[in-house]
Amino acid sequence: MKGSNLTSAEEHIRSIINSARDNDEEVEDKYTEAYEIVMEFGDLLAAEKNLEQYYGVKDIYDRVEEFRAENHQPVEQEKVALKTVR
């Protein structure tokens, strides 16, 4: 949005619209990155060599962990259940 001699209400509306536009672009970038990770994972599953699949999945796992860290998504961890052995 462009304008000159805007009132304070118009400035406020412009800032809201611009921040919404920035958020939409950020969401689109995250979606694109996640889509690329999933498509690469699909290609790896179609690979015929087990070793290629193994190392590829490890690489994708690392990318997913980075993606989660960048987006402040908590990593789900299973609770450890300890048993008493006598």
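Residues numbered from 1 in each chain as written. Predicted model: local features only at pLDDT ≥ 70, side-chain atom pairs only at ≥ 80, totals over all residues. Heavy atoms only, no water.

### Remarks on a nonpolar patch on the surface
Stated precisely, the cut-off is as follows: Surface patches are drawn from residues lacking salt bridges whose relative accessible area is over 30%; two like charges belong together within 9 Å, two nonpolar side chains (Val, Leu, Ile, Met, Phe, Trp, Tyr) within 5 Å. Surface exposure here means Shrake-Rupley accessible area, sampled with a 1.4 Å probe, where a residue is shielded only by the protein chains that are shown. Put simply, a salt bridge is a Lys or Arg side-chain nitrogen that is within 4 Å of an Asp or Glu carboxyl oxygen. Only runs of H or I of at least four residues qualify as helices and only runs of E of at least two qualify as strands under DSSP, and these elements are numbered from the N terminus.
Taken together, the side chains of Y31, Y35 and M39 make up a nonpolar region of the molecular surface, amounting to roughly 350 Å² of accessible area. Position of M39 among the secondary structure elements: in helix α1 (residues 8-46).

### A closer look at the packing of aromatic side chains
Quick note on the threshold: Each pair of aromatic rings taken from Phe, Tyr and Trp, with Trp reduced to its six-membered ring, is defined by centres within 6.5 Å and is described as stacked if the planes are under 30 degrees apart, edge-to-face if over 60, and tilted in the remaining cases. Think of it in three bands: with a 1.4 Å probe and only protein chains considered, a residue is buried below 20% of the maximum accessible area for its type, exposed above 50%, and partly exposed in between.
Using the criterion set out here, one finds two aromatic pairs in the structure. A centroid spacing of 6.4 Å and a plane angle of 25 degrees characterise the contact between Y31 and Y35, whose relative ring orientation is stacked. Taken together, the positions of Y31 and Y35, both in helix α1 and four residues apart, correspond to about one turn of that helix. Summarising the aromatic geometry, the rings of Y54 and Y55 are spaced 5.0 Å apart at their centres and angled 75 degrees between planes, so their arrangement reads as edge-to-face. By relative accessible area, Y54 is classed as partly exposed at 46%.

### Observations regarding the pattern of salt bridges
Counted under the stated rule, the structure contains two salt bridges. Residue E40 pairs with R63 through a salt bridge whose shortest N-O separation is 2.4 Å. Note that E40 is positioned in helix α1 and R63 in helix α2 (residues 50-70), a separation of 23 residues in sequence. The residue R68 makes a salt bridge to E65 at a minimum N-O spacing of 3.6 Å. In this pair, R68 and E65 both sit in helix α2, three residues apart, roughly one turn of the helix. Overall, E65 belongs to the partly exposed group, its relative accessible area being 23%.

Distances and angles like these do not, on their own, reveal function.
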